[in-house]
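What follows is each chain in one-letter form.
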Amino acid sequence: MKIRKCGRFAIALALAFSMAACGQAASGDANTTAAADTTEAAATAESTVVESTAAESTQQETKAAETEAETQKAAESDKKAVSFTVDEENKAIYAPQELEIAPDSDRASPVEVYEKFDWYVWNFDIDPELDAVGTFGDGVGTIYFRLYVPETKEGETYPIVMGLGGLGNSNSFVNNSYARYGAYYACDTIQEKYPSYVLTFHVPFEACTNYDAELAYVYQFGEIAKAVAAEYGNVDMDRIYSTGLSQGAGWSYELAAVQPDLLAAILIDAGTTVHTTWGDQCDMQAIADSDVNIYILHGYNDQYIPINEAYRTYNTLQKMGKKNMLMRITDDKHGIVNIPLWSNTEITDFMDWMLSQKKSVPCVDTPVLEEDGEYKDYRWAGVWALENIDGWQTAIDYANWVEPKENATWEQLKSDVAVGFADGKGGTGKWNLARIRIGDELQTTYDDKGKVAGLLSTEADAEKTIVVKPGDILAVTIQGYTGAYGDDWEAFQKEWSVDWAVLKGSVTNIELTSEASPTAVVRPSTVALANGAGPNQNNSLYTWNAIDGRQVYCRIDVAEEFEGEELVVAFRLTRDLGNGEYASYWHMVQCEVQK
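Residues numbered from 1 in each chain as written. Predicted model: local features only at pLDDT ≥ 70, side-chain atom pairs only at ≥ 80, totals over all residues. Heavy atoms only, no water.

Student: Teacher, can you tell me more about the overall build of the protein here?
Tutor: A count of helical and extended segments in the protein gives 15 helices and 21 strands. Across the 595 residues in the protein, those meeting the buried criterion constitute 53%. Counted over contacts in the protein with a minimum sequence separation of 6, partners at least 24 positions apart contribute 77%. If you sum the accessible surface of the protein, you get close to 25900 Å²; carbon and sulfur atoms cover 49% of it. (Helix = DSSP H or I, 4+ residues; strand = E, 2+ residues; numbered from the N terminus. Buried < 20%, exposed > 50% of the residue type's maximum accessible area, 1.4 Å probe, protein only. Contact = heavy atoms within 4.5 Å. Areas by Shrake-Rupley, 256 points an atom, 1.4 Å probe, with all protein chains shown as cover.)

The following block contains the structure:
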């Protein structure tokens with residue numbers, strides 16, 4: 001079943017024809033009675049009926065023709081227009097499972113809330129060159145979404161809250177924790193004070209094959225909100241909000257960039273404006289010039305998206321003239337838990353803040369920054385490598401730094417700590433695969449275990465590291481520039497620079513390359529390759545032959561004459577964002593070398 005304006009029109013049209021038919025039957029009965037009373041009256045009545053019937057018939061034919069034209073026009077428009085359809089398939093499979101979701105924290109949404117969300121699929125036109133969903137390149141994109149409809153009153157209007165984040169095709173809260181955060185806004189406590197429409201989304205794994213494709217999908221979140229507003233007719237268009245954690249926070253920034261006139265406010269939990277896979281930055285000027293009120297929250301011990309990213313966003317937007325924004329830095333890791341940000345039992349100050357915002361009404365007249373702790377305790381980007389340098393946290397004023405290409409602490413690490421290349425032969429043995437996800441310092445995985453590796457060796461992390469032998473090759477592929485997923489060698493060369501420092505062990509050479517291996521090297525199915533898990537549709541999880549000439553990777557040649565028992569190499573990946581600003585990401589590749 002498709003929900004569209006033409007659907008309502010068809011119902012009204014059928015009702016009109018039904019009423020016209022009933023009117024004709026009643027009129028005929030009355031005229032028959034009149035004819036029995038007098039012949040003249042009957043003749044007159046018959047003439048009147050004929051004329052009336054002819055007129056009605058003409059009107060009906062005209063109306064039918066107009067209706068047919070309108071229906072045809074709507075049908076032709078529907079071929080190009082976006083639409084949403086009830087997602088019966090996923091509902092049948094996952095609705096029963098949602099009732100069994102165990103609370104994953106004291107903040108988890110009550111399962112009875114999930115029942116109140118309707119299930120839909122949204123199809124839309126997309127550039128065929130960006131399309132990897134369904135039939136490859138057919139130009140039809142797909143988003144799954146859930147919709148909570150509040151209790152409403154005649155004559156009143158209501159906001160829309162979009163809880164962003166979530167990859168997959170199930171459309172279910174069962175396997176989309178991002179959506180569960182969004183579902184908090186449908187809980188009774190919040191709805192009693194702020195009755196709102198609530199939207200959550202599931203984007204197919206294979207949809208976001210590069211940054212342009214992701215932005216095309218994020219743009220559609222706004223279109224879905226507009227369609228909901230058009231369908232129900234009682235949405236307050238000055239109170240549309242977006243919020244999310246991590247990926248959902250990044251999508252909220254992107255939505256504010258691609259639909260800057262839509263949103264009243266965004267509430268950001270552990271987000272970044274620079275994409276953690278491709279390193280692209282969303283349109284910061286569009287956000288700065290918009291009326292969107294912004295509240296940024298970030299933990300200074302964030303192990304996935306370093307605290308630098310919060311300061312980068314805040315500093316860049318402020319430099320561009322943004323005034324209506326706030327930022328709170330707390331003693332938290334990835335995701336705010338030590339202060340009440342989300343809740344299903346109370347309206348937190350932050351939820352209350354967002355739901356009180358209105359478009360074109362600034363939340364503050366000048367940026368407001370609140371910081372907990374001291375900079376010397378902050379876990380800035382590069383901690384795993386740079387902590388080898390005393391005082392590294394405060395050697396650079398990261399909190400007020402819009403990052404240039406050079407980093408004096410990194411240069412000091414290379415000159416004072418790095419061991420340099422070893423003499424002799426290396427890289428003559430077997431190939432071992434690893435991969436790094438550009439934006440996540442913890443996302444370094446190895447094929448023999450398929451687990452996230454401990455970045456510095458500890459006893460607890462020992463089982464997560466790869467074991468190589470002297471003379472082996474370690475190929476560290478860079479997620480986002482691998483095979484059919486993301487960009488290619490030429491794009492990477494233009495956009496990125498890669499630097500490295502050998503901190504332990506013996507390496508004869510390190511090279512950034514896309515050269516194929518002499519024989520095919522296939523990734524085991526156990527290796528964790530994506531931000532999530534799912535079907536390998538259109539090579540979206542890039543699990544095919546890994547070193548076949550289509551991959552960007554760093555080749556590390558381990559020396560045949562290896563000194564020590566462990567190999568540790570630090571990598572710094574840097575991208576030019578323009579205007580003298582750079583983004584840098586750090587990775588530690590470490591493994592035991594078994595002699």
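Now, onward.
Student: Even after reading the chapter, I still don't get the packing of aromatic side chains, so can you show me in this structure?
Tutor: In this description, a pair of aromatic rings is defined by centroid distance and the angle of the planes. Inspection of every chain in the model, using the stated rule, returns 26 aromatic pairs. The interplanar angle of 45° and the centroid separation of 5.3 Å between the aromatic rings of Y378 and W380 together place this pair among those described as tilted. Across the pair, exposure class does not vary: Y378 and W380 are buried alike. One residue, R146, lies across the ring of W119, its end atom 3.5 Å from the ring centre. (Phe/Tyr/Trp six-rings, centres within 6.5 Å; stacked < 30°, edge-to-face > 60°. Lys NZ or Arg CZ within 6 Å of the ring centre and 35° of its normal.)

Student: Explanation requested: unusual backbone geometry in the structure shown.
Tutor: Both trends apply: most residues other than glycine have a negative phi, and most peptide bonds are in trans. In this structure, N171 takes a positive phi of about 60° despite not being glycine. Residue placement: N171 occurs in the loop between β5 (158-163) and α5 (177-183).

Student: Even after reading the chapter, I still don't get the nonpolar core, so can you show me in this structure?
Tutor: Residues F145, I160, M162, L199, F201, F221 and L263 are the most contacted members of the largest nonpolar core, which totals 79 residues. If one sorts the elements of this core by residue count, helix α7 (residues 211-232) sits on top with ten residues. When sequence neighbours within four positions are dropped, the list of residues in contact with F221 reads I143, M162, L164, F201, V203, W251 and L255. In this structure, I101, Y148, F173 and L297 belong to the second largest nonpolar core, which totals 36 residues. (Core = buried A, V, L, I, M, F, W, Y, C linked by side-chain atoms within 4.5 Å.)

Student: Can you help me understand the pattern of salt bridges in this one?
Tutor: Per the counting criterion, the structure on display carries 16 salt bridges. Taken together, the salt bridges that share partners define one network made up of D280, E495 and R575. (Salt bridge = Lys/Arg side-chain N within 4 Å of Asp/Glu carboxyl O.)

Student: Honestly, the packing of α7 against helix α8 (residues 247-258) in this entry has me stumped. Any pointers?
Tutor: The geometry of a pair of packed helices is captured by two quantities: the angle between their axes and the separation between those axes. Across the interface, α7 lies against α8 with an axial gap of 9 Å and an inter-helix angle of 80°. Between α7 and α8, the interaxial angle falls into the category roughly perpendicular. Residue-level contacts link Y211, E214, L215, V218, Y219, F221 and G222 of α7 to W251, E254, L255 and V258 of α8. Each residue belonging to the contact of α7 with α8 can be placed in one class, and the counts come to eight nonpolar, one polar and two charged. (Axes fitted to C-alpha atoms, helices over the stretch in contact; angles between N-to-C directions. Parallel < 35°, antiparallel > 145°, perpendicular 65-115°, else oblique. Nonpolar A, V, L, I, M, F, W, Y, C, P; charged D, E, K, R; others polar.)

Student: How should the side chain of T272 be read in this particular structure?
Tutor: Here T272 shows up in the loop between β8 (265-269) and α9 (284-289). You can call T272 buried: its relative accessible area is 9%. Within polar-contact distance, the side chain of T272 engages the backbone nitrogen of V274 at 3.0 Å. Polar contacts involving the side chain of T272 include one to the side chain of E309, which spans 2.9 Å. Ignoring any residue separated from it by four or fewer positions in sequence, one finds T272 in contact with G250, Y253, I305 and E309. (Polar contact = N/O pair within 3.5 Å; in protein donor to acceptor, adjacent residues only side chain to side chain.)

Student: Even after reading the chapter, I still don't get helix α14 (residues 408-416), so can you show me in this structure?
Tutor: In an α-helix there are 3.6 residues to a turn, and that puts residues three or four apart on one side. Looking only at α14, the buried set comprises T409, W410 and L413. One side of α14 holds all its buried residues, which, seen down the axis, span an arc of 105°. Those residues of α14 that are exposed and angled more than 90 degrees off the buried face are A408, S415 and D416. Buried residues along α14 sit against α12 (383-386), α13 (392-395), β17 (496-504), β20 (566-578) and β21 (581-593). Where α14 starts, the residue carrying a side-chain oxygen 2.9 Å from the main-chain nitrogen of T409 turns out to be N407. (Arc of directions from axis to C-beta.)

Shape descriptors only; they carry no functional weight alone.
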